[in-house]
Amino acid sequence: MLRDPTTTDGAIVTDEASLRRRRILLAVPLVIFLALAVLFVVRLFAGDPARIPSALIGRPVPVFSLPPLEGLVRDGQPVPGLTNESLLASGPNEVTVVNIWASWCAPCREEHPLLMSLAQDPRVKVVGINYKDNAENARRFLGALGNPFTAVGVDAAGRASIDWGVYGVPETFIVSRDGRIQHKHIGPLTHEALQTSINAAIDKAAKP
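If you're wondering where the values come from, they're calculated on a predicted model, not measured in any experiment.

A. View of the environment of Leu-87. Along the chain, Leu-87 turns up in the loop between β4 (82-83) and β5 (95-101). Setting aside residues no more than four positions away along its own chain, Leu-87 makes contact with Val-61, Phe-64, Leu-82, Thr-96, Val-98, Lys-125, Val-127, Trp-164, Val-175 and Ser-176.

Following this line, the structure appears as structure tokens:
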């Protein structure tokens, strides 16, 4: 077999080794990226995603003032808007459940019967923050499914919800008698959450 007189076996081996090294160096960033992506997904979905911690837990609710949902009536009276001061307890052992909702939100429709049931709990008052919604659609939503809210504040621009640290609708907060955020539930309420974390948070928030 004829051999290229300008190429030696050592040179060929060196070129192959160099090529392997380049391939390894090119693969390292991809491997690191994939490892980080896997770690992120595992951490994100580990456990109950509704229990993602909030930096606001234990702190006073943010200062806000939201107008009422125009035309919304309950027991023949206009339903008032919502402010941070209105979340303070007006009666013994009164805990406020703040639900962030919208008529265009399918999970909000799914959880609504549970809100109606929660509104029957004598320990709590249920109020709502209507997020980036159309007023007529919001009224129709409550007219069709029932109104568990003693007050509804309209957050048309979504700014108040940002101050609450909202990821997306629906979300539910338990606020203690002194106006501090006791618990945050991300996503639609479930029977299991009501019987465990929500009920425990209400009990804790009701304590003086």
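Here the narrative resumes.
B. Examining the state of the cysteines more closely. Scanning the model with the defined rule gives 1 disulfide in all. The disulfide partner of Cys-105 is Cys-108, and the gap between their sulfur atoms is 2.4 Å. One quick way to see it: the torsion about the S-S bond of Cys-105 and Cys-108 is about 85°, and its sign makes the bridge right-handed. The residues Cys-105 and Cys-108 share a single accessibility class, namely buried.

C. Expanded view of the sheet that holds β5. Taken in spatial order, the 5 strands line up as β7-β6-β5-β8-β9 in an open sheet, and their pairing is mixed. Strands with a single pairing partner mark the edges of an open sheet, and in this sheet they are β7 (152-155) and β9 (181-186). Taking the axes of each pair of neighbouring strands and ignoring which way they run, one obtains an average angle of 20° across the sheet. Note that β5 and strand β8 (residues 171-175) share 5 bridges and pair antiparallel. Each bridged residue has a counterpart across the sheet, and for Val-98 the counterpart in β8 is Phe-173. Strand contacts of helix α2 (residues 106-118): β5, β6 (124-131) and β8, with the helix running at about 165° to β5, the strand carrying the most contacts.

Cut-offs applied
- Residues numbered from 1 in each chain as written.
- Predicted model: local features only at pLDDT ≥ 70, side-chain atom pairs only at ≥ 80, totals over all residues.
- Heavy atoms only, no water.
- Helix = DSSP H or I, 4+ residues; strand = E, 2+ residues; numbered from the N terminus.
- Contact = heavy atoms within 4.5 Å.
- Disulfide = S-S within 2.5 Å.
- Buried < 20%, exposed > 50% of the residue type's maximum accessible area, 1.4 Å probe, protein only.
- Pairing = 2+ DSSP bridges.
- Axes fitted to C-alpha atoms, helices over the stretch in contact; angles between N-to-C directions.

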